[in-house]
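Structural overview
Take a look at the letters that make up each chain.
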Number of protein chains: 2
Amino acid sequence: MQILLTNDDGIFAPGLAALYQELRQLGEVTVVAPESEQSAVGHAISLSSPLRVKKASLGGGVWGWAVSGTPADCVKIALAELLPEMPHLVVSGINLGPNVGINVLYSGTVSAATEAAILGAEKAVALSLNTYKDPDFATAARVAGKLLSRLQGQPLSAPVCLNINLPALPEGEIKGVRLTRQDTGPLVEHFDRRVDPREHLYYWLAGINDRRDLAPDTDYGALQAGYISITPLHHDLTHYPSLRSLQVLEK
Amino acid sequence: MQILLTNDDGIFAPGLAALYQELRQLGEVTVVAPESEQSAVGHAISLSSPLRVKKASLGGGVWGWAVSGTPADCVKIALAELLPEMPHLVVSGINLGPNVGINVLYSGTVSAATEAAILGAEKAVALSLNTYKDPDFATAARVAGKLLSRLQGQPLSAPVCLNINLPALPEGEIKGVRLTRQDTGPLVEHFDRRVDPREHLYYWLAGINDRRDLAPDTDYGALQAGYISITPLHHDLTHYPSLRSLQVLEK
């Protein structure tokens, strides 16, 4: 099985290294990832600037391709130029921090997997771990590896990517797997106002994702309850019910 | 009526200036836009770097706020810090070039409108003109102004943004308005391989969006046929049919 591994935390991120060790047991893995951190770049692609591709040592005799672009760029150039054939599986992650709810739209991790689904990869998966500190990527990667093995036998009925979020728990404490919808509740955000050394004002986006009353059938709700959350995401953003209600504008 | 005007081509783009002249006839317009071009940034937001906000003269005594960030950043900071109240209408554009099909995912123009819908703006609209050369933004803005007037009386039944693409035609030659779905066909892309002055290889994404057999009920199809295309877009990316087919993974 041909596997493409990418991420948005950059090619030297520990979440990618841990996942590589599991994926190599499933097939032949090619790493094509951003040369630097690309968090929250969403589905950005590079049009105004070219891409550089450099060979990068990942240690232990493993080599990957470091790309001077975004996660979506990495998938595009990997499939167009770097891989001999369309991979069976494209995996993005493991991201440091969850990608649930509205944050899915900002996520470079998820966008890489979405791009792979758009381009026709058989399976496209984004993997994120629900913690920002002291991540145990070895455990997360082991859990992810088992899940990806199960996914192999599972055909998809549509060109979706699977957005998988893993609880930051010991393997035995994970309660199971939940198929979930994306939570659409707004984030709790604000801007810090700060003053620079030259006394000019600047702003920094701050905020937390601490919604209450999380529905258990959402990505966020399932993750908080200790389940692995799997959300199938597609790239047709049309809101079909509104098509009918707005039809009057055609008159 | 309070109106927020933004874009992804940058605050000094002629498409924004033309639209401003029309919007001022509909209400009080505040311009908050990127200080430089931000095309194809998708739904990127700035987390690792702060935002600067500078007053910028748009000529004719008009002032706006230039933000050192992405279109989504502009909407976030406008609503959180720069506007006295939630605007009734948020408009992003007029973009130089169409935003239809898969390109919707890469579009900064659309992402600004999506962000406004997420944050609860009553109406959020992205406007794009179907040409890359010799754009007649004055005509496009006049057509857009009339459409936005009609939209005012049209309640939305869900938190969607309206992705509006305008034909690059004289007003009398536009065939009408079509409510459309997003085309999901793949783009025709490739990477140019080039060699820099120091003889290093680099890649540049090239490609065209020239699909045949365009369905007339899609954004791209309607636009090519000479209609104004309006596509309601939402930010719940869940592919609900796949939830059922993958439920076996919960076992």
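Everything below is about the structure shown above.
In this report, the structure presented in the accompanying data block is examined. Because the structure is predicted, anything quoted here is derived from the model rather than measured.

A closer look at the overall build of chain A
The helix and strand tally for chain A stands at 7 helices and 11 strands. Taking 251 residues into account, the globule formula puts the C-alpha radius of gyration at 18 Å, and chain A, at 19 Å, falls close to it. Taking the principal axes of its C-alpha atoms as reference, chain A extends roughly 55 × 55 × 50 Å. For chain A, the residues scored as buried account for 53% of the 251 residues in total. Nonlocal contacts in chain A, meaning residues at least 24 apart in sequence, comprise 75% of its contacts between residues at least 6 apart.

Digging into helix α1 (residues 14–23) of chain B
Residue and element names in this part refer to chain B. Counting buried positions along α1 yields 7 of 10 residues, so the element is predominantly enclosed. Taken residue by residue, α1 has G15, L16, A17, A18, L19, E22 and L23 as its buried positions. Contacts from the buried residues of α1 go to β1 (2–6), β2 (28–34), β3 (53–59), β5 (89–96), β6 (123–129) and α4 (137–152).

Some points on the sheet that holds strand β1 (residues 2–6) of chain A
The strands making up a sheet are joined through hydrogen bonds of the backbone, oriented either antiparallel or parallel. All names here are of chain A. With mixed pairing, 9 strands are arranged side by side in an open sheet as β3-β4-β2-β1-β5-β6-β7-β11-β8. Of all strands in the sheet, those with a lone pairing partner are β3 (53–59) and β8 (176–179), marking the two edges. Going from strand to strand, the sheet's axes swing by 25° on average, the running direction of each strand aside. Relative to strand β11 (residues 227–233), β8 is paired through 4 bridges, and the arrangement is parallel. Across the sheet, the residue bridging to G176 is Y227, located in β11. Helix α4 (residues 108–118) contacts β1, β5 (89–96), β6 (123–129), β7 (161–166) and β11 of the sheet and is inclined by roughly 175° relative to β6.

Quick notes on the interface of chain A and chain B
Each partner contributes residues to the interface: chain A has 64 residues there, and chain B has 65 residues. For the side of chain A that touches chain B, the elements supplying multiple residues, two or more each, are α2 (71–82), α3 (103–106), α4, β8, β9 (188–195), β10 (201–208), β11 and α7 (240–245) of chain A.

Examining helix α3 (residues 108–118) of chain B
Residues and elements named next belong to chain B. The buried count for α3 comes to 11 of 11 residues, which makes it a mostly enclosed element. Among all positions of α3, only G108, T109, V110, S111, A112, A113, T114, E115, A116, A117 and I118 are buried. Contacts from the buried residues of α3 go to β1, α2 (71–82), β5, β6, β7 (161–166) and β11 (227–233). Following α3 by one or two positions, G120 has its phi on the positive side, about 100°.

A few points about the pairing of strand β4 (residues 62–67) of chain A
All names here are of chain A. Relative to β4, strand β2 (residues 28–34) runs parallel, the two sharing 3 bridges. Pairing of V32 across the sheet is with W65, part of β4. Pairing between β3 and β4: 6 bridges, direction antiparallel. Looking across to β4, one finds that A56 is bridged to G64. Counted along the chain from β3 to the antiparallel partner β4, the turn is 2 residues long, and its residue G60 has a positive phi close to 60°.

Rules used in this analysis
Residues numbered from 1 in each chain as written. Chains lettered and ligands numbered in written order. Predicted model: local features only at pLDDT ≥ 70, side-chain atom pairs only at ≥ 80, totals over all residues. Helix = DSSP H or I, 4+ residues; strand = E, 2+ residues; numbered from the N terminus. Rg over C-alpha atoms; globule rule 2.2 N^0.38 Å. Buried ≥ 20, exposed ≤ 12 C-beta atoms within 10 Å, placed from the backbone. Contact = placed C-beta atoms within 7 Å. Pairing = 2+ DSSP bridges. Axes fitted to C-alpha atoms, helices over the stretch in contact; angles between N-to-C directions.

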